[in-house]
Structure formats: C-alpha cells, structure tokens
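Single-letter residue listing:
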Amino acid sequence: MTEAGAPDEHVRAPRAPKADPAPVLYVAPPEREPAGPVRVVTTGSALLGPRDAARRALVMDGVPARLVAKDPALWGPDAEADARVRLGWLDLPVSSRDLLPRLAALRDELRAEGLDRVVLCGMGGSSLAPEVICATYGVPLVVLDTTDPGQVRAAFTDLDRTVFVVSSKSGTTVETDSHLRLAVAATSWSRVVVVTDPGSALARAAEDNTARAVFLADPDVGGRYSALSAFGLVPSALAGVDVSALLDDAVAVYADLGGNEGNPGLDLGAALGGCGAAGRDKVVLADAGSGLTGFGDWAEQLVAESTGKLGRGLLPVVVESPAAPGTKHTVTGDLHVVRLGTPAPNSTAVTGPLGAAFLTWEYAVALAGRTLRIDPFDQPDVESAKQQTRALLEDSGPLDTGMPAFVEGPVEVHGDVGGATTLAEVVQAVLRAVPPLGYVAIHAYLDRFADAAAAALRPALAALVTRPVTFGWGPRFLHSTGQYHKGGPPTGVFLQLTGAVAEDLDVPGRPFTLGRLQLAQALGDGRVLAQRGRPVVRLHLTDRAGGLAAVRAAIPDPPA
C-alpha cells in the first residue's frame, strides 16, 4: 500500500499543531454560569487559548446576534446565496409546534387501528435525529438506513401492526426510494406516512397514490439541521415520544443564543472552530453520562458534513466511552476531546437536555464554519459517490469487483496492499500508510445488527496506532462523514468491508437488487476515494461471521 496521495488542486495542506501540551501563555477567565439548560465547560490551556481567541473575534463582529437574526453574509459572499435559504432551523423551536396537534391525532388514529410499530425509511438527517430521540426516550423505532438485504428483510416483520414513515427531502434518495417500493409492495400506500419538502418527487407520488399522511417540511432547513423539524418529530411522535418536550427545551436555550455572555452555542462554536483552526481538527466525541443515547452519531454527521470541505474541516471520531482507545492526547496535538456529559481535564464538555442540545450544536457548528472559513450548509463532494454508484448500476452485467490481491480463508483482499500476502500484513500496511496528521476510516457495508462484531474493529485498530480511527456503517456514512472523506484534508486511509449476500431482495420496479446496490455503493465510493489519492483496501467476506473473526484475529493486541 502506498501512502496518502497528493492533495486535490483546491486543497491546502493541514496545519501542523504544536505538540501536546501546547505552550499557550493564557490565563482563562472564570467560566460563566449559563442561564439556560445547556452548559459548556472547556478546560486546559491548549484548548482555552484558541477557544477564547475565536470567541473574541466572533463577539467583536457581532456574530451571535447576527446569526439569530439570520444574517446570510456571515460566511462570506460565496456562501451567501446558500445561507439565505438554509437558516430556517433557527425558527423550528417555535414553528414546529404547529405540527403537534396533527401528530397527536394521527398517532391516536393509527393506534386505534392497531398500528403501533413504526419503521422509519430515511438516510442521514432524515434518520439520525429520530433514532437518537427515540433511543433517549426509550421508545421503540425501527430505522432503515441501509441497503443490506438481511437488515432490510428483518425490518419487514409484524406487518399487521406496522406503519412506514418515509422521509426524504428530495424524494429521490436511492436507498429511501428502494425502501418505499418494498413497503408499498408488502403493504400499501395507506400504511405510508411521508415527510418531504414541498414540490419534491416524493410529495407528488404521495399525493398521486393517496398516502396515509404527508408532512411537508420547511425547505429552508438542510437535512443535518432538521432534528427539530418534521423530519425529526414525525417519526418520533408516531412512535410514542412526547416531542413537545424537545421543543420546550430548545426554546429555553434559544433565549441565550443571541447574547455574548452565558451563550453555550457561542462557547461550543468557539471551542470547535478555534481549536480546529489551531490544528486540533480531530474532534473525539465520547459519551460521559449525557443520557442522550447515540447523540454522537447525530453530531458526527452535523460536524463532518458541515465542515469537511475545501481541504479542511473537523473530523468527528465517535468512540465507545471516555476510556476507549483513541481518546488520549497525542504528540501531534491534533485531538480535541468533546465529552457529552461530565467535564474532565483537557477537554470540552457539553451537558443539557436533548432538544436544547440539538439546537446548541447546530448553532455552534454554524459558528465554527465562520471561524474555519467554510460554508457550513453545502456538501459539494457528496454527489461524487452517488454518480459512481449510478454508473455501476446502469451496466446490467455483473459488477466489476476486480481480482483480489490474495484470499485468506473467508476473506478476499482487494486494493493496493503493498505486497502483503496475509491479513496480518494488510493490517500493518494500512497502519503504515497513515500520514503524521492522518486517520484510518473503517467502512462496513454490512448488517449493523447481524454483523455488529464489525464495530469492534475500531477500538482494536485504535489501540495499535496513535492516529484516530473512525467507524461507519455503509451506506449510512455516505450521508454523513462521506463529505469529509472526500472534501476534507487528504489524510485518510480507508478500510472497506463488504460481505456475501445469502438471500437478496429485488427492488420493485428497479433493475437491481438491494445486494447489487449495496456493493455498487461500496465500489463507487472506493473509486472516488482512490481517484482523489486516498488509499483504499477492501476486504470482501465470503462468510460474514467467519470473515469478521478472521479480520479481528489479524489485529494484534497492543503491547502490555
């Protein structure tokens, strides 16, 4: 395997931060007690110096009040047109209350018919927030954000009590369109509740086919900023969450967001943006008793897709716990540990109820975008992988997967492996290819429940290397960190996992199966990454359980 390739022409090299602990000559002022429900605490001079420098600049420019006033000029002239139609999320704590009576009536109506099981079909911003909301409130919700045939088939049970919520802003997302076709074939349009933007293809189809209900979302809200919109609230409310409490908490923190003091969004945005601009651009997200189940996965999309572009950005690294491998500071000093919950030394900690946390993080990431000099509302590199996938699907013949470099048991090894002939050698080749300020990304195009053992590869690799290791389920991550991988710093090394499909599923009205779509998505994204000089190795598991066990066995335990 070769090292990370040359950057794209528009990419600037990442700035090398000082070694940790950074010799910052700065005395931090006392932390301000917030008036609202969210508290942000940053400790350690290496973080406080950059945070307060960014905070002073934001305050001097009047940014907190200007953002609440929805000033589209905050991110520069190139982003102004985009920002002008992407700031509706600031209104949601109030405007989304209009949904509550209709949601309550529809939930009661469905329950009266025995429809008490909700399956959400959506990707990215359409699925991540509802999953966090329902998990935090302890309410069952089945989330379909995959093209894995086994995982999709497992969701199509108990159909006599199931209603499908199909969520897509554009209405053309290939994964969600496939789920909708399967849902209608298995039940009918009368079991489908649609959430989409006005005038979308999905809105027209729902009207033409008399869907059970249609909720039109605010088109001035981007997907990753839509947690408190219809995309977050409709599936959560139908599943049984009292979503009015989310809006109450968001309103309570909104009162603080226009001020220069006691503003948790300003403190968090300055910490993220200031530390990122100073070289601490790997944001380690660790839950430390927040009570917000899975919040890191939602924040991961918000941070990565909003900031990872123009060759810079913040890489979110979601870890299993505050003590997990990959949470310790390194000699390169490029980590910023963000604890979701209790504070600790040399980190930023964020605490607060879920609705307030959603709004605070959205506000903070928008501010971080200004400090990092990027447009936080576009995603210019997401489409490239979709284009490659479409091109692969247009060919009716077998997908060209290429010849493996070698085969070891149930694992076929594809890509530039630098002469490796065993899985253990491949692992070492991947780790050697990581540049000094780089990272490893594991992408598992598998069933995230049946193949859950794949997630254990992240801490296993992270224990061996001083660089960050991320993990994402495919194609779910394509709507999240996929933007950063292709538009952020060209320092990633990528390990793809694909698996044999035991029983495929035809997509009604489409010339492909889910298994073919899943593999095309992996191959398409791999091609884009390789074209941009990112090293990619793909491990294809001819037996999923056996293959995962073999890959894990090839990762040695760290020295004692």
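Our subject is the structure that appears above.
Because the structure is a prediction, the values reported are computed rather than measured.

What am I meant to see in the overall build of the chain here?
If you tally the helices and strands in the chain, you get 20 helices and 16 strands. In terms of C-alpha radius of gyration, the chain reaches 23 Å, essentially the compact-globule figure of 24 Å for 560 residues. Seen through its principal axes, the chain has C-alpha atoms that stretch 65 × 60 × 45 Å. Considering only contacts within the chain whose residues lie at least 6 apart along the sequence, 78% involve residues at least 24 apart. A distance of 4 Å separates the average location of the 49 positive side-chain charges in the chain from that of its 63 negative side-chain charges.

For this particular structure, what's the right way to read the sheet that holds strand β1 (residues 39-42)?
Strands in a sheet are paired, the pairing made by backbone hydrogen bonds, and the direction either parallel or antiparallel. Read from one edge to the other, the open sheet built from five strands follows the order β1-β10-β9-β7-β8, with strand pairing classed as mixed. Only two strands of the sheet have a single neighbouring strand rather than two, namely β1 and β8 (315-318). Adjacent strand axes in the sheet meet at a mean angle of 20°, parallel and antiparallel pairs treated alike. Where strand β7 (residues 282-288) and β8 come together, four bridges link them in parallel fashion. Within β8, the position partnered with Val284 by the bridge is Val317.

I tried to follow the sheet that holds strand β15 (residues 492-499) on my own but got confused; where do I start?
Within the open sheet, the six strands sit side by side as β11-β12-β16-β15-β13-β14. Their pairing is mixed. Two strands in the sheet have a free side with no partner beyond their single neighbour: β11 (406-408) and β14 (469-473). Here the average twist between neighbouring strands, direction ignored, is 20°. Where strand β13 (residues 439-445) lies against β14, five bridges are found, and the strand directions are parallel. Across the sheet, His443 pairs through a bridge with Gly472, a residue of β14. Along the sheet, helix α19 (residues 514-531) makes contact with β13, β15 and β16 (536-541), crossing β15 at roughly 165°.

What's the story with the packing of aromatic side chains in this structure? I'm lost.
Aromatic rings considered in pairs are described by the distance between their centres and by the relative angle of their planes. Within this structure, the stated rule accounts for twelve aromatic pairs. Relative to Phe494, the ring of Tyr439 has its centre 6.0 Å away and its plane inclined at 85°; by these criteria the two rings are edge-to-face. Here the residue Tyr439 occupies a position in strand β13, and Phe494 occupies one in strand β15, the gap between them amounting to 55 residues. Relative accessible area serves as the criterion here: at 0%, Phe494 is assigned to the buried category. Every member of this aromatic cluster is reached through a ring pair, and the members are Trp75, Trp89, Tyr225 and Phe377.

Explain the pattern of salt bridges to me, please; I cannot follow it from the model alone.
Pairing between side chains of opposite charge can happen when their charged atoms approach one another. Overall, the coordinates contain 32 salt bridges when judged by the stated rule. For Lys70, the salt bridge is made with Asp91, and the minimal N-O distance between the two is 2.6 Å. Highlighted residues: Lys70 in the loop between α2 (63-68) and α3 (77-84) and Asp91 in the loop between α3 and α4 (92-95), separated in sequence by 21 residues. Using a relative accessible area of 31% as the deciding quantity, one classes Lys70 as partly exposed. For Asp91, a relative accessible area of 30% translates into the label partly exposed. Between Asp145 and Arg448 there is a salt bridge; the shortest N-O distance is 3.6 Å. A residue pair is termed long-range when its members are at least 10 positions apart, and Asp145 in the loop between β3 (142-144) and α7 (149-155) and Arg448 in the loop between β13 and α17 (457-462) qualify at 303 residues. In terms of burial, Asp145 and Arg448 fall into one category: buried. Connected through salt bridges with shared partners, the residues Glu131, Asp145, Asp297, Arg448 and Arg476 form a single ionic network.

Scoring rules and cut-offs
Residues numbered from 1 in each chain as written. Predicted model: local features only at pLDDT ≥ 70, side-chain atom pairs only at ≥ 80, totals over all residues. Heavy atoms only, no water. Helix = DSSP H or I, 4+ residues; strand = E, 2+ residues; numbered from the N terminus. Rg over C-alpha atoms; globule rule 2.2 N^0.38 Å. Contact = heavy atoms within 4.5 Å. Lys, Arg positive; Asp, Glu negative; His and termini not counted. Charge placed at Lys NZ, Arg CZ, Asp CG, Glu CD. Pairing = 2+ DSSP bridges. Axes fitted to C-alpha atoms, helices over the stretch in contact; angles between N-to-C directions. Phe/Tyr/Trp six-rings, centres within 6.5 Å; stacked < 30°, edge-to-face > 60°. Buried < 20%, exposed > 50% of the residue type's maximum accessible area, 1.4 Å probe, protein only. Salt bridge = Lys/Arg side-chain N within 4 Å of Asp/Glu carboxyl O.

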